[in-house]
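Results of the structural survey
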Amino acid sequence: MTAIGVGRISRRRRVTNTILCSLLGLAVLVALAPLVAVLVYTVQRGYHALSPHFLTRSMRGVGPLDKGGGAYHAIIGTAEQVLIAGLLAVPLGLLVAIYIVEYGRGTLRSVVRFLVDVMTGVPSIVAGLFIFAFWVVGLHKGFSGLAAGLALAVLMLPVVVRSSEEMLKLVPDELREASYALGVPRWRTILSVVLPTASAGITTGVMLAVARVAGETAPLLLTAFGTDGVNRSPFKGAQSGLPLYVFTQAGSAFDVAVRRAWAGALTLIVFVLLLTVIARAVTARSRVGVD
Amino acid sequence: MTAVDPPALARSARRRRATRRADTAFRLVTLGSGLVVVVLIVAIGVFLFVHATPAFRKAGSSFFTEKAWFPDNSPARFGIAALAFGTVLSSIVALVLAVPVAVGSALFLTELAPRRLGRVVGYLLDLLAAVPSVVYGLWGIYYLVPRLKPVEQWLDRTVGFIPLFHSRAGIYGRSLFAASVVLAIMILPIIAAISREIFRQVPRADREAALALGATRWEAIRLAVLPYSRGGIVGAVMLGLGRALGETIAIAMVLAAAFKVDFHILEPGGNTIAANIATKFGLSGGAGRDALVASGLVLFAITLAVNVVARGVVYRTGLAAAEGKP
Amino acid sequence: MAKRIEAGGVTAWFGSFKAIDDIGLTIEPKQITALIGPSGCGKSTFIRTLNRMHEVVPGARMEGKVLLDGEDIYGPEFSATDVRRTIGMVFQRPNPFPTMSIRDNVAAGLRLNGVRRKAELDDAVERSLRLAALWDEVSHRLGRAAASLSGGQQQRLCIARAIAVEPDVLLMDEPCSALDPVSTLTIEDLMSDLKDQYTIVVVTHNMQQAARVSDVTAFFTIAGADEPGRLVEVGATSKIFTKPDDERTEAYITGRFG
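Now for a quick tour of the structure. Every chain is numbered on its own, with residues counted from 1 as its sequence reads. Lettering for chains starts from A, numbering for ligands starts from 1, and both go in the order in which the items are written. Selection of residues for local features in this predicted model requires a pLDDT of at least 70, selection of side-chain atom pairs for listing and counting requires 80 or more, and totals for whole chains, interfaces and linings are taken over all residues. To get the side-chain values, take all heavy atoms of the structure and skip hydrogens and water.

This paragraph deals with the overall build of chain C. When you go through chain C residue by residue, the secondary structure sums to 10 helices and 10 strands. Restricting the calculation to C-alpha atoms gives the radius of gyration, and the globule rule supplies 2.2 Å times the number of residues raised to the power 0.38. Relative to a compact globule of 258 residues, whose C-alpha radius of gyration would be 18 Å, chain C shows 18 Å and is just as compact. Considering only C-alpha atoms, chain C reaches an extent of 55 × 45 × 30 Å along its principal axes. Working definition: with a 1.4 Å probe on protein chains only, accessible area under 20% of the residue-type maximum means buried, over 50% means exposed, and in between means partly exposed. For chain C, with 258 residues in total, the buried portion stands at 59%. What makes two residues a contact is simply this: any of their non-hydrogen atoms within 4.5 Å. Sequence-distant contacts, at least 24 apart, represent 68% of the contacts inside chain C between residues at least 6 apart. Surface accessibility of chain C: about 10,000 Å² in total, with carbon and sulfur atoms responsible for 48%. Helix and strand labels come from DSSP, where a helix needs a run of H or I of at least four residues and a strand needs a run of E of at least two; each type is numbered from the N terminus. The Shrake-Rupley method, run with a 1.4 Å probe sphere, supplies the accessible areas, and residue values consider only the shown protein chains as cover.

Here it is as structure tokens:
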């Protein structure tokens, strides 16, 4: 143990170890730096621009050089579009996850699983183009909040499937067996025992999926198109959305518009991060008294 | 005292049929939902193709060689040469920047950091993925681009003899490089999250075997962790690539649009397929939109191919549990 | 209520692996029948063919006949669901439904089978919990999560859940293997109490337990790895543990192998 040769080698190894481990630590700091920078800068710029006025006014009749104006119409749009996306993607996604975990067999199951994974990689602009080609002009439905909801649903579906699938897999088989042993048919076992057991995890997954699509801009450009005024109906006519609003305002050359963009960005980021944080806080702790 | 009828086997024929029917119905509903996924992927391809056909017909083979984008002019002149070039180049630069940081931080968090710290920081990295791309775009224009200028100047001064890092006019700013930095920040959390999953699956015994031989922590990483996870990391990188190729809004905002095939990435200007769709769509006429759909079809095909290969790699390394994490 | 089970020629596979071969056994009502034998001898597989739980495992299949008071439970006129409602089961590890309260766990079988009236459910819950010797411990906290109970209590809760649907037979697959000695004794007492009303089959790897609680004992064994499990002999517990006919049985109960 005291041989000099051994000592010299181990010193070199020790130095290598220290340098490389420090580099790995540095990587973490480099990775975290943009998060801090984005959050701090957005809060700084957005804080001054954000006001009750901003949250309650639309852009109707606000000229490019005018102060004032707000994102009310965009917030309404986003709320409706995300709701539509959720109403479509969550039940469908759950059923797909149930198929994959509970019923699927053989090749078809693998194909469905694989395609769900591939679908998570479909760029959001492509989802927008698809709904544009299929719904907006293909079926002559025109631009609308509903079209945006459809595009967002396409993006949300694979995320919901994947997270629900993971959660369903965590439900121990012993619980399914306990239910079968009581003479409960399979479909009731899934609905009354498996789903409630996985519900906390599924909720988290759904909230993360909502947070993801709520911040999407590209599909809205091609489906909701955007407008300055309030359009409460998602079924008829162009609609704005919060991310789209930020994009449009940021594209302006004028300071007043850029201020509005920052206010919108702050609103959006607060909503999305709040949702993300709450979603993680919904722990896997089981709820009691499920019927 | 008997609250329920004693269940008799023979008496439940009717109920049994009902149960069986309900079970079959439910199974078919879930199967149908699974098929919806298959149909959706096919439908995306088919609808894009149908709408792209007029544009393909009009442009012919020049669609793949033409750099300019004037689909609404007559005669129309448009093609994806410059767009495809910008898409691929920006994604590659983004990968070069993001992969070492992402894999390095994933290694640190799983192998070196105390468990608690690893979890908290991992959670923060996931938050990076939750920031909407429009916010990255806005931040990119107003925060990052001005602060990158000195970095770009420094690069030009020190390694400017390589054309890649030289600006001929001496101006910097909303360049492909800046767009790539934003892209790198956006794909970093994805690559890091999947890498962490992969490192976590390295059997503890492998790691301990290396440590028991007197390996240092870095040597244990090099001997046990990295060889085991190579395939998975390749998959993770490719998933990051898929995301980078399709990223739209942040690039549309940061990059000053220009249609050129040019390796001088520090010079302002450039474009990508996705960003071009976003910036041109609102101003385009019917023919212009068809042309944009055609470019989108190409993007869809590329990302689909990248994703299929990436998933294949991840599956083959038996790390199926690792994919699909945000 | 308690019914007789006659199993004949029961052979079961997992994929291409034959787990048990040609088991024939008659299980009398109002008695406790213990299935004993070394690990992997197929006793658990056999008990799971008695209420068609075997087929839950993907790739599993079986041949042979299982009659419940003369009716073939694998006959085309019965579904697995009907069979399992009639033949209850308690598992190795306590598996109460984690999202449900104590009350809802006991009522789960009834409710999932369509019983809706609250009074009826409350009656059944109290009756089953009393029968499972758990009522005094939980009557004041029926709304609490089942997970708040101890392991032994959870297992008694699972027994209450199984008997709430008033089955004819109670199958118990190593019900005490995950429990401490005190809880084990409680469950054993409970089994003796329940045998007036039920046909009870219990799989155990604990020979003292078989000797303590059962009236009839069946001994299973395997000839070697990859061989299917076979029934060696069956008889009154007192006889099996004192004067078994087969030398393999004797070797096992005297602790020479297994």
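This paragraph deals with the overall build of chain B. Looking only at helices and strands, one finds 11 helices and two strands in chain B. Helices and strands in chain B line up, N terminus first, as α-α-β-β-α-α-α-α-α-α-α-α-α. On C-alpha atoms alone, chain B measures out to a radius of gyration of 26 Å, which is more than a quarter above the 20 Å that the 2.2 N^0.38 rule sets for 326 residues. Considering only C-alpha atoms, chain B reaches an extent of 95 × 65 × 35 Å along its principal axes. Taken across its 326 residues, chain B has 57% of its residues classed as buried.

A separate point is the packing of helix H3 (residues 72–103) of chain A against helix H10 (residues 242–250) of chain A. All names here are of chain A. As a packed pair, H3 and H10 sit with axes 7 Å apart at the nearest point and diverge in direction by 140°. With respect to H10, the axis of H3 lies oblique. Residues His 73, Ala 74, Ile 75 and Thr 78 of H3 form the contact with H10, whose own contacting residues are Leu 242, Pro 243 and Tyr 245. Class assignment for the residues of the contact of H3 with H10 results in five nonpolar, two polar and no charged. Angular values range over 0 to 180 degrees, each being the angle between N-to-C directions of two axes fitted as lines to C-alpha atoms, with helices fitted over their stretch in contact. Should an angle fall under 35 degrees it is called roughly parallel, over 145 degrees roughly antiparallel, and 65 to 115 degrees roughly perpendicular, with every other angle called oblique. Think of it as three bins: nonpolar holds Ala, Val, Leu, Ile, Met, Phe, Trp, Tyr, Cys and Pro, charged holds Asp, Glu, Lys and Arg, and polar takes everything else, Gly as well.

The next subject is the interface of chain B and chain A. Facing the 82 residues of chain B at the interface are 78 residues of chain A. Taken together, both faces of the contact between chain B and chain A bury some 7,200 Å²; the carbon and sulfur share is 81%. Whenever a carboxyl oxygen of Asp or Glu lies within 4 Å of a side-chain nitrogen of Lys or Arg, that contact is scored as a salt bridge. Summed over the shared surface of chain B and chain A, the number is one salt bridge. In this structure, Asp126(B) and Arg280(A) form a salt bridge, with 3.5 Å as the shortest nitrogen-oxygen distance. Pairs of N or O atoms within 3.5 Å make up the polar contacts considered here, provided that, within protein, one atom can donate a hydrogen while the other can accept it, and that residues adjacent in sequence are counted only when both atoms are side-chain atoms. For the pair chain B and chain A, the interface holds eight residue pairs in polar contact (both at pLDDT 80 or more). The element best represented in the side of chain B that touches chain A is helix H1 (residues 13–59) of chain B, accounting for 21 residues. Per-class residue counts for the side of chain B that touches chain A are 56 nonpolar, 17 polar and nine charged. What counts as buried area is the accessible surface, traced by a 1.4 Å probe, that two parts surrender upon association, with contributions from both included.

Right, let's talk about unusual backbone geometry for a bit. Cis geometry is adopted by the peptide bond preceding Pro75(B), which originates at Ser74(B) and carries an omega value of 0°. In this structure, Pro75(B) sits in the loop between strand S1 (69–70) and strand S2 (77–78). Residues other than glycine seldom take positive phi values, yet His140(A) does so here, at roughly 55°. Mapped onto the elements of the fold, His140(A) is located in the loop between helix H5 (124–136) and helix H6 (145–170). Its identity as a non-glycine residue notwithstanding, Phe225(A) has a phi of 70°, on the positive side.

The next thing to look at is a nonpolar patch on the surface. Together, Val15(A), Ile19(A), Leu23(A), Leu26(A), Leu29(A) and Val30(A) give the surface a local cluster of nonpolar side chains, amounting to about 540 Å² of exposed area. Residue placement: Leu29(A) occurs in helix H1 (residues 4–49). Each patch is built from salt-bridge-free residues with over 30% relative accessible area, joining like charges within 9 Å and nonpolar side chains (Val, Leu, Ile, Met, Phe, Trp, Tyr) within 5 Å.

Moving on to H10(A). With eight of its nine residues buried, H10(A) lies for the most part within the structure. What H10(A) keeps buried is the set Leu242(A), Pro243(A), Leu244(A), Tyr245(A), Val246(A), Phe247(A), Gln249(A) and Ala250(A).

Counting residues at the interface gives 23 residues for chain A, matched by 31 residues for chain C. For the pair chain A and chain C, the two sides together bury roughly 2,200 Å², of which 61% comes from carbon and sulfur. When the buried area of chain A at its contact with chain C is split by residue, Glu177(A), Ala181(A) and Leu182(A) rank highest and sum to 26% of it. The partner of Glu174(A) in a salt bridge is Arg93(C), and the shortest N-O contact between them spans 3.0 Å. For the side of chain A that touches chain C, the secondary-structure elements that each account for two or more residues are helix H7 (173–181) and helix H8 (186–214) of chain A.

Nonpolar cores are built from buried Ala, Val, Leu, Ile, Met, Phe, Trp, Tyr and Cys residues. Side-chain atoms within 4.5 Å join them into one set. Core analysis: the biggest nonpolar cluster contains 239 residues, and Ile125(A), Met156(A), Tyr136(B), Leu35(C), Phe46(C) and Leu50(C) have the highest contact counts within it. With 18 residues, the top contributor of residues to this core is helix H6 (residues 176–200) of chain B. Each residue touching Ile125(A), except ones within four places of it in the same chain, is listed here: Ala218(A), Leu222(A), Gly246(B), Thr248(B), Ala274(B), Ile277(B), Ala278(B) and Leu299(B). Core analysis: the next-biggest nonpolar cluster, separate from the first, contains 44 residues, Leu142(C), Ala162(C), Met191(C) and Ile253(C) among them.

Let's shift gears to the side chain of Thr199(C). Residues and elements named next belong to chain C. Within the secondary structure, Thr 199 sits in strand S8 (residues 199–203). The class of Thr 199 is buried, set by a relative accessible area of 0%. Within the structure, the side chain of Thr 199 is placed 2.5 Å from the backbone oxygen of Lys 3, a separation counted as a polar contact. Not counting residues within four places of it along the chain, the set of residues in contact with Thr 199 comprises Ala 2, Lys 3, Ile 27, Glu 28, Pro 29, Lys 30, Gln 31, Asp 168, Val 169 and Leu 170.

With that settled, the discussion passes to the packing of aromatic side chains. The criterion for an aromatic pair is that two Phe, Tyr or Trp rings (for Trp, the six-membered ring) have centres within 6.5 Å, with stacked assigned to planes under 30 degrees apart, edge-to-face to planes over 60 apart and tilted to the rest. In this structure the tally under the stated criterion is 21 aromatic pairs over all chains. Judged by centre distance (5.6 Å) and plane angle (70°), the ring pair of Trp69(B) and Phe78(B) falls under edge-to-face. Of the two residues, Trp69(B) and Phe78(B), neither departs from the other in class, the shared state being buried. Here the aromatic cluster, defined as three or more aromatic residues joined through ring pairs, consists of Tyr41(A), Trp262(A), Trp139(B), Tyr142(B) and Tyr143(B). Against the face of Phe281(B) rests Arg289(B), its NZ or CZ located 4.5 Å from the ring centre. Comment: the charge-over-ring label is applied if NZ (Lys) or CZ (Arg) is within 6 Å of the ring centre and within 35 degrees of the ring normal. Between the NZ or CZ atom of Arg61(C) and the centre of the ring of Trp13(C), over which it lies, the distance is 4.2 Å.

What follows concerns the environment of Arg311(B). With respect to the helices, strands and loops of the structure, Arg311(B) is situated in helix H11 (residues 286–316). C-alpha separation for the pair Arg311(B) and Ala55(B), spaced 256 residues apart in sequence, amounts to 32 Å. A polar atom in the side chain of Arg311(B) sits 3.4 Å from the backbone oxygen of Asp117(A).

Turning to the pattern of salt bridges, a few remarks are in order. Between side chains of opposite charge, a pair can form when the charged atoms approach closely. Throughout the structure, instances matching the rule amount to 30 salt bridges over all chains. A salt bridge links Asp168(C) to Lys3(C); its shortest N-O distance comes to 3.1 Å. Of this pair, Asp168(C) sits in the loop between helix H6 (151–164) and strand S7 (169–173) while Lys3(C) sits in the segment before strand S1 (5–14); the two residues are 165 residues apart in sequence, bridging distant segments of the chain. Neither residue differs from the other here; Asp168(C) and Lys3(C) are each classed as buried. Bridged by salt links that share partners, the residues Arg113(A), Asp117(A), Arg162(A), Glu165(A), Glu166(A) and Lys169(A) form one connected network.

What follows deals with the packing of helix H11 (residues 255–281) of chain A against helix H4 (residues 115–130) of chain B. Taken N-terminus to C-terminus, the directions of H11(A) and H4(B) make an angle of 140°; their axes are 10 Å apart at the nearest point. Taken together, the axes of H11(A) and H4(B) are oblique relative to one another. With respect to the hand of their crossing, H11(A) and H4(B) are arranged in right-handed fashion. Along the contact surface, H11(A) presents Val272(A), Leu273(A), Thr276(A), Val277(A) and Arg280(A), while H4(B) presents Tyr123(B), Asp126(B), Leu127(B) and Ala130(B). Here the contact of H11(A) with H4(B) is built from residues that sort into six nonpolar, one polar and two charged. Working rule for handedness: look at the near helix, and if it is turned counterclockwise from the far one by less than a right angle, call the crossing left-handed; if clockwise, right-handed.

Residue and element names in this part refer to chain C. Counting buried residues along strand S3 (residues 32–36), five of its five residues qualify, which places the element largely inside the surrounding structure. Two strands are counted as paired when DSSP detects at least two bridges linking them. Of the pairings in the sheet, the one linking S3 to S8 comprises four bridges and is parallel in character. For Thr 33, the partnering residue across the bridge sits in S8 and is Val 201. Relative to strand S9 (residues 216–222), S3 is paired through four bridges, and the arrangement is parallel. Along S9, the bridge assignment pairs Ala 34 with Thr 217.

In short, the description is geometric, and any link to function would need to be established separately.
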